[in-house]
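Secondary and tertiary structure notes
Chain by chain, the residues:
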Amino acid sequence: MSTKLLVFNWKMNPVGLKEALPLAKISDYKNTVIAPPFPFLREVGKVLKKSKLAAQDLFWENPPAGGAYTGEVSASELRGAGVSYVIVGHSERRSLGETDEIIAKKAKTALASNLIPIICVGESLNEKKAGKKEEVISRQLRIGLSLVGQIADGRIKAKSRPLIIAYEPVWAIGTGDPETPESALEIIRFIKASAKSYLPYIPKVLYGGSVNSKNLGNYIKYKEIDGSLVGGASLNKKEVSRMIKYL
Ligand code: PGA
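Residues numbered from 1 in each chain as written. Predicted model: local features only at pLDDT ≥ 70, side-chain atom pairs only at ≥ 80, totals over all residues. Heavy atoms only, no water.

1. Re a positive patch on the surface
On the surface, Lys 25, Lys 30, Lys 49 and Lys 50 cluster together into a patch of positive charge. Looking at the element boundaries, Lys 30 is found in the loop between α1 (17–27) and β2 (32–35). In this structure Lys 30 comes out as partly exposed when scored by relative accessible area, which is 33%. (Patch = residues over 30% accessible without salt bridge, like charges linked within 9 Å, V, L, I, M, F, W, Y side chains within 5 Å. Areas by Shrake-Rupley, 256 points an atom, 1.4 Å probe, with all protein chains shown as cover. Salt bridge = Lys/Arg side-chain N within 4 Å of Asp/Glu carboxyl O. Lys, Arg positive; Asp, Glu negative; His and termini not counted. Charge placed at Lys NZ, Arg CZ, Asp CG, Glu CD. Helix = DSSP H or I, 4+ residues; strand = E, 2+ residues; numbered from the N terminus. Buried < 20%, exposed > 50% of the residue type's maximum accessible area, 1.4 Å probe, protein only.)

Here it is, written out as structure tokens:
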């Protein structure tokens, strides 16, 4: 049985529930995780039989009785809406000002609330050109995972591996220019080796960035690449039905 995971990140799409529900039904397959915009979570969750639901972000504070944080959504609210995964630190959020420190707090809050964080890391084109790929990713992991250790023992059992990392080179996202499977593999091995310093288990690591039904197989054929975080192609029903055949 395949243990590969496909996470469909819908971003700020589609425009209405009318479009979202048929897409959710097509994407409803074992080992898929669907991340719709917040307003669609509950309705999308209702049509899913096999997929799990993800949110695209969460707030780092989670006071038991709620709180005065206009515009934010808490881990408890997400759990209440049927969410079990949450994307943390996507490069599109980092580009709006999200720092490694904020990402660390969000990852910790997610885990403490029994949400599985999918923590995104990846270098920009300039960083790649400057030969700083490993340096950047090391920093993102070191700071991003720095608070996770505080709750790594006790409730969080190593066996359940409740944290996922997505390697998404910024320059490969939404450009149609993916990282080569071989280079992605190299970095994913590096991420798994580095994660040992912060986690009591080796996390699943996904590749993301211009993945579609034509190239998906070239990544997930490697045992170290545990699946993919897919953006654009996850909005196309034909693409989705082709991609889930790999699971
Ligand atoms: P893409 O997006 O598949 O459209 O490149 C991936 C992502 O942003 O997670």
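2. Observations concerning the packing of helix α5 (residues 100–112) against helix α7 (residues 133–144)
As a packed pair, α5 and α7 sit with axes 8 Å apart at the nearest point and diverge in direction by 45 degrees. Comparing their axes, α7 and α5 come out oblique. As for the relative orientation of α5 and α7, their crossing is right-handed in sense. In this structure, α5 contributes Asp 100, Glu 101, Ile 103, Ala 104 and Ala 107 to the contact, and α7 contributes Arg 139, Gln 140, Ile 143 and Gly 144. Residues that form the contact of α5 with α7 fall into these classes: four nonpolar, two polar and three charged. (Axes fitted to C-alpha atoms, helices over the stretch in contact; angles between N-to-C directions. Parallel < 35°, antiparallel > 145°, perpendicular 65-115°, else oblique. Left-handed = near helix turned anticlockwise from the far one by under 90°. Contact = heavy atoms within 4.5 Å. Nonpolar A, V, L, I, M, F, W, Y, C, P; charged D, E, K, R; others polar.)

3. Thoughts on the pairing of strand β7 (residues 204–208)
Counting buried positions over the five residues of β7 gives five, a clear majority of the element. The side-chain alternation of β7 yields two buried faces, one formed by Lys 204, Leu 206 and Gly 208 and the other by Val 205 and Tyr 207. By the bridge criterion, four bridges tie strand β6 (residues 164–167) to β7 in an arrangement that is parallel. Bridged to Ala 166 within β7 is Leu 206. In terms of handedness, the path from β6 via helix α8 (residues 181–195) over to β7 forms a crossover that is right-handed. Across two bridges, the pairing between β7 and strand β8 (residues 227–230) is parallel. Across the sheet, the residue bridging to Gly 208 is Leu 229, located in β8. (Pairing = 2+ DSSP bridges. Right-handed = clockwise from strand over helix to strand, strands pointing away.)

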